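Architecture and fold: a report
Residues per chain, in single letters:
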Amino acid sequence: MVHMANQIALFFAGYPREEAVGGVTDHLKKYWEPRMRKQIIEYVAGGGAGLHELAVEAVKRLP
Amino acid sequence: MALIRETDYGTPKKVSERAVTLEVDGRAITVPEGTSLLRAAAEAGVMVPKLCASDNLEPFGSCRLCLVEIEGRRGTPASCTTPVEAGMKVRTQSPKLAKLRLGIMELYASDHPREMLPGPTEGGTEFQQMAAAVGLGEIRYGYSGQNHQSCEKDGSNPYFTFDPAMCIVCSRCVRACEEVQGTFALTIDGRGFGSVVSAGDKPFIESECVSCGACVQACPTNSLVEKSFIQKGQSDRSVVTTCAYCGVGCSFVAELKDNEVVRMRPYKDGKANHGHSCVKGRFAWGYVTHRDRILKPMIRAKITDPWREVSWEEAIGHTASEFKRIQTKYGRDSIGGISSSRCTNEETFLVQKMIRAAFGTNNTDTCARVCHSPTGYGLKTTLGTSAGTQDFDSVDHADVIMIIGANPTDAHPVFASHMKRRLREGARLIIVDPRRIDLVKTPHIHADFHLPLRPGTNVAMINAMAHVVVAEGLVDETYVKERCDVSAFEQWRNFIAEDRNSPEAMEAHTGVPAADVRAAARLYATRGNAAIYYGLGVTEHSQGSTMVMGMANLAMATGNLGKVGVGVNPLRGQNNVQGSCDMGSFPHEFSGYRHVSDDSVRKLFEAAWHVPLASEPGLRIPNMLDAAIDGTFKAIYIQGEDIVQSDPNTQHVSAGLAAMELVVVQDLFLNETASYAHVFLPGSTFLEKDGTFTNAERRLGLVRQAIPPMAGKADWEVTVALSNALGYPMHYSHASEIMAEIAQLTPTFAGVTYEKLERLGSVQWPCNDKAPEGTPVMHVGGFVRGKGRFMITEFVPTDERTTSRFPLILTTGRILSQYNVGAQTRRTDNNIWHDMDVLEIHPFDAEYRGIKDGDLVSLASRAGDITLPARISERMQPGVVYTTFHHAMTGANVVTTEFSDWATNCPEYKVTAVQVQLATHLSEWQEHYRQTREVTTRISKQAETIPGA
């Protein structure tokens, strides 16, 4: 899951920061099933080791 | 349907803005300039006798049977080679012509088997029909002269025979092999009386012949004829249907005798194949009646138990009750299902409907997940529609063809033949592929550029090409300004112009000389209509979606979208991959690619289906398997897909399935996934049901029932029964009613009806009020999303890296004679060409390891290892090895890993770091497979009681 989130972050990393964070958040909302989002939210809450910083920021914006 | 007899107009149809009017047998006829007299007469209903002419071949003028008289001209010219002229007065019947034709037929008949002369009978050969047409009776020359009647028959091909005794050396087979198929395997050896059709002075099976059947189709005497036709005799009815193999979607005439298939002939009116075929669709249909077909539903409590045959009622009741039990215990989202890209649109639509409406979850996915899901994502993001942009015929207008990560001669052979015709006409060719595929150099075709990039560097390559376009001022600025989001374009232009994206900088990643990349980019951008055709070598990467967007960027930048002859065109793997995606199989979207979170769309479906629907995306296939191992996903319904053999990291897939309490498999055979199943529901082949398939060019073709379902139910009827048993009633009595619902709920299909499909033969979506007869070319005048959107496509090297332990890269693919997991083709005589998967390895890598051709080798990755024979091949580049996944026992996907495309989870089949070493025995996985497969496929001969069943 960390690997997948990082891959998504690396795609959007080419965009200006706000656009990039929004892109990652939007992607997670649109394509990740709720239990997956719950896991990644908990992972970030637990420190988010190994996650790309764009992914960390994007996960924090998930509802 | 009675036996279909297609009219042969003798020579190809001509297209011209100028019309010519002439007179044939006293009738005025107007045809396009360039039309032959033979065709002009035929179009007016005057069928001039002929033998060497056929309307899919250029005129040849050898048989002299189509002679005519033209007022004011001397002699009797062949009508096939004489073009029409204004004011011509042509006579096709006269005593003189009759005498000439009779004389010609007498000569032919004097060297022909006597038993083949009477005619015509129903289904008689063209030769017999012509003999009758000219009134052939006694042969003045007798039969005792020098002849070919004792020539040896060639029965080496498993599907057809060649009997020289019946050959009249009309060259139709030779010309069909050249002009239609483009293989050039046949020739006429010898001169004069000694002339014979030859497959290179060797039996057909040992020749270059690819068994496409074009020669058989062309033969007017049955000198070349299907073995099944010889065995079963003349058919008594025909059904036009759509092939169930690759995404080309060829139309076929299934010829039947009672309920037995006699042969499958390519249908001339088929818009995707124009009367051509390949070895799979034409001949490999024997699986339909193979003894391995499972025709009774079966259940078992544990996967180690033998299967127990039960009634449909018991199987459906048990399955529904188990799904309900599991949902009650573990929650609504603990179950899900997978629809099939081999089943019809209607069946796929029903599976996702049942999952969303009866299961109450969006845990639905389809096998497109593992092949073309990045196509959907990438093209929708950039252009607005998750589909290819052109029809196949568009290639006739392409000036430059760029093939990326596809091997059309093996995987999409009928379209490859179409493409080869255009290439022989002079279109330029760029091939981007790690392997030297056949199209790099094949008769009369030599690619201008073969860019043999390292696997995993597609994005580096496409960025480098785009860099050249931007840096060298080759952008179509007017097009971009008018058609694209200019702000996104400027952002992209700045990105792509950076030196790090130049061919010189990217050479370190791709391994392709920068000069070649620059030259290829210039060719693509400047030589007229440029069309991209791509396959799984694009999508099955960690950057699959990025690459699709990169290709769209390049096409938009050069103005190569929105007209005939250009485009970004996915060559879809399975027959209905496009359709299964269109039908809402993915967990995040309804039919027509509309997200489940869109309230207005969801309300539309809720109103039609009378249930509340979930607004959150469901699990994808790999997510389902992960969740099963985590303990939150417990049951799955799998229609027509074999994820154990086809999906990556077999041991992970197996572990996921083994962790579930209920696995329901609906298939033709006890496939590998069925080894982990508790319920088996018999499937039906494409010949046993009605429906539609959608091919790679968005074309919906009718699938018509030719024989009754062998197990009693079409696949859609099974889903209906299961849904009803689950308490969500479905009331369809025919597949057309399902299509009516699809059309009602899906704007791009709004104009699709079975009546229209019957009338037009096929239709390409979007088909609606704006385009009532469909849309061959998309994005004409503007993109579906409005302005085309350039996306930043940063090259990110895959995390799957070679190491000292795994120094080689494995890439997997397909070959001509086998199809996907081989469930169908392995149960046909196609095995004669490929009875096992082999590992292709470059001579350098082989020699370094002491490997000789045919040696058994171990192929190991961090995921697992298998053993298979090596084939030393210079098609590979050093450092890259290749294999196929057609045989279950090989277990190619034991080796592939869980890495996948960032956007869609499409597996990275094309890049796996591996080591290859000499081996002496099967791998541990293969030994385990050999020992357990028999156990997991046992069928009890006695009724057994299953607790809780």
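Residues numbered from 1 in each chain as written. Chains lettered and ligands numbered in written order. Predicted model: local features only at pLDDT ≥ 70, side-chain atom pairs only at ≥ 80, totals over all residues.

**Considerations on the overall build of chain A**
In terms of regular secondary structure, chain A is built from four helices and zero strands. Mapped in sequence order, the helices and strands of chain A form the string α-α-α-α. On the principal axes, the C-alpha backbone points of chain A span a range of 25 × 25 × 15 Å. Taken across its 63 residues, chain A has 40% of its residues classed as buried. (Helix = DSSP H or I, 4+ residues; strand = E, 2+ residues; numbered from the N terminus. Buried ≥ 20, exposed ≤ 12 C-beta atoms within 10 Å, placed from the backbone.)

**Comments concerning the overall build of chain B**
Each helix and strand in chain B was counted, giving 29 helices and 36 strands. What you see for chain B is a C-alpha radius of gyration of 29 Å, in line with the 30 Å of a compact globule of 949 residues. Across its three principal directions, the C-alpha atoms of chain B cover 90 × 75 × 65 Å. Here chain B holds 949 residues, and the buried ones make up 57% of them. Long-range pairs, those at least 24 residues apart, make up 72% of the contacts in chain B between residues at least 6 apart in sequence. (Rg over C-alpha atoms; globule rule 2.2 N^0.38 Å. Contact = placed C-beta atoms within 7 Å.)

**Concerning the domain arrangement of chain B**
All names here are of chain B. Domain parsing of chain B yields domain 1 (19-133), domain 2 (310-371 + 576-764), domain 3 (384-428 + 458-570) and domain 4 (808-918). Taking the mean C-alpha position of each, domain 2 and domain 3 sit 34 Å from one another. With eight residues of domain 2 at the contact, the number on the domain 3 side is nine residues. Residue composition of the side of domain 2 that touches domain 3, by class: four nonpolar, two polar and two charged. (Domains from an automatic or database assignment. Nonpolar A, V, L, I, M, F, W, Y, C, P; charged D, E, K, R; others polar.)

**Quick word on the nonpolar core**
Residues and elements named next belong to chain B. Residues C173, C215, I401, M402, M461, M465 and M551 are the most contacted members of the largest nonpolar core, which totals 168 residues. Once you skip the residues sitting within four places of it in the chain, C173 turns out to touch L186, V197, C215, A218, C219 and L224. Counting residues in each nonpolar core, the second largest holds 98 residues, with L350, V664, A714 and A750 among its members. (Core = buried A, V, L, I, M, F, W, Y, C linked by C-beta atoms within 7 Å.)

**What to know about unusual backbone geometry**
Residues and elements named next belong to chain B. Geometrically, the link from W765 to P766 is a cis peptide bond, its omega value of 0° lying close to zero. Here P766 lies in the loop between strand 30 (762-764) and strand 31 (808-813). Within the chain, D25 stands out as a residue other than glycine whose phi angle is a positive 50°. Along the chain, D25 falls in the loop between strand 1 (19-24) and strand 2 (27-32). Taking the number of C-beta atoms within 10 Å as the measure of exposure, D25 has 16 and is therefore partly exposed.

**Topic: the confidence of the model for chain B**
Residues and elements named next belong to chain B. Taken over all residues, the pLDDT of chain B has a mean of 96, while the share at 70 or more is 98%. With pLDDT under 50 throughout, residues 943-949 is counted as low confidence; its partners more than four residues away or in other chains account for eleven contacts. Across the predicted assembly, pTM comes out at 0.96 and ipTM at 0.98. (pLDDT = per-residue confidence, 0-100.)

**Side note on the sheet that holds strand 12 (residues 298-299) of chain B**
Residue and element names in this part refer to chain B. Overall, mixed pairing links the seven strands, which are arranged 13-12-27-26-25-14-15 in an open sheet. At either margin of the open sheet sits one strand with a lone partner, and together these are strand 13 (308-309) and strand 15 (364-366). As paired elements, strand 12 and strand 27 (residues 679-682) share two bridges and run antiparallel to each other. Bridging from a neighbouring strand, M298 pairs with F680 of strand 27. (Pairing = 2+ DSSP bridges.)

**Some details on helix 12 (residues 413-424) of chain B**
All names here are of chain B. Along its twelve residues, helix 12 runs 16 Å from first to last C-alpha, staying within 8% of the 16 Å computed at 1.5 Å per residue. Judged by how many residues are buried, helix 12 sits mostly within the fold: nine of twelve residues are covered. All of the buried residues along helix 12 are P413, V414, F415, A416, S417, H418, M419, K420 and L423. Buried positions along helix 12 lie against helix 4 (172-181), strand 16 (400-404), helix 11 (408-411), strand 17 (428-432) and strand 19 (445-446). Downstream of helix 12 by a residue or two, G426 has a phi angle that is positive, lying close to 125°. (Expected span 1.5 Å × (residues − 1).)

**Here we look at the interface of chain B and chain A**
Many structure descriptions define interface size as the accessible area lost when the parts assemble. Contact with chain B, which involves 17 residues of that partner, is made by 14 residues of chain A. Among the residues forming the side of chain B that touches chain A, the class breakdown is eight nonpolar, seven polar and two charged.

**Things to note about the packing of helix 9 (residues 345-359) of chain B against helix 25 (residues 715-725) of chain B**
All names here are of chain B. With their axes 9 Å apart at the nearest point, helix 9 and helix 25 run at an angle of 15° to one another. Comparing the axis directions of helix 9 and helix 25 gives the class roughly parallel. Crossing of helix 9 against helix 25: the hand is left-handed. Together, E346, E347, L350, V351, M354 and A358 of helix 9 and D715, W716, T719, V720, L722 and S723 of helix 25 make up the contact between the two elements. The class makeup of the residues in the contact of helix 9 with helix 25 is seven nonpolar, two polar and three charged. (Axes fitted to C-alpha atoms, helices over the stretch in contact; angles between N-to-C directions. Parallel < 35°, antiparallel > 145°, perpendicular 65-115°, else oblique. Left-handed = near helix turned anticlockwise from the far one by under 90°.)

**Regarding the sheet that holds strand 1 of chain B**
The mixed open sheet is built from four strands, whose spatial order is 2-1-4-3 (chain B). Of all strands in the sheet, those with a lone pairing partner are strand 2 and strand 3 (69-70) of chain B, marking the two edges.

**Side note on the environment of C278 of chain B**
Residues and elements named next belong to chain B. Along the polypeptide, C278 turns up in the loop between strand 11 (260-266) and helix 7 (279-283). Residue class for C278 comes out buried when judged on the 32 C-beta atoms lying within 10 Å of it. Separated by twelve residues in the primary sequence, C278 and P266 place their C-alpha atoms 9.1 Å from one another.

**Examining the pairing of strand 28 (residues 691-694) of chain B**
Residues and elements named next belong to chain B. Covered by surrounding structure in strand 28 are G691 and F693 together with T692 and T694, the residues of both alternating faces. Of the strand pairs in this sheet, strand 28 and strand 29 (residues 699-703) are connected by four bridges, and their pairing is antiparallel. Residue pairing for strand 29: G691 is matched across the bridge by V703. Here strand 28 folds back onto strand 29, and the loop between the two strands holds four residues, one of which, R698, carries a positive phi near 65°.

**Focus on helix 9 of chain B**
All names here are of chain B. In this model helix 9 runs 20 Å from its N-terminal to its C-terminal C-alpha over 15 residues, within 8% of the 21 Å that 1.5 Å per residue would give. Of all 15 residues in helix 9, 15 are buried; the element is thus mostly enclosed. Positive phi shows up at G360, right after helix 9, with a value of about 80°.

**Quick look at the environment of K14 of chain B**
Residues and elements named next belong to chain B. Turning to its location among the elements, K14 is positioned in the segment before strand 1. Looking at K14, the number of C-beta atoms within 10 Å reads 16, which means it is partly exposed. As for K14 and G854, which are separated by 840 residues in sequence, their C-alpha atoms are 51 Å apart. Beyond its immediate sequence surroundings of up to four residues, K14 is in contact with P32, G34 and T35.

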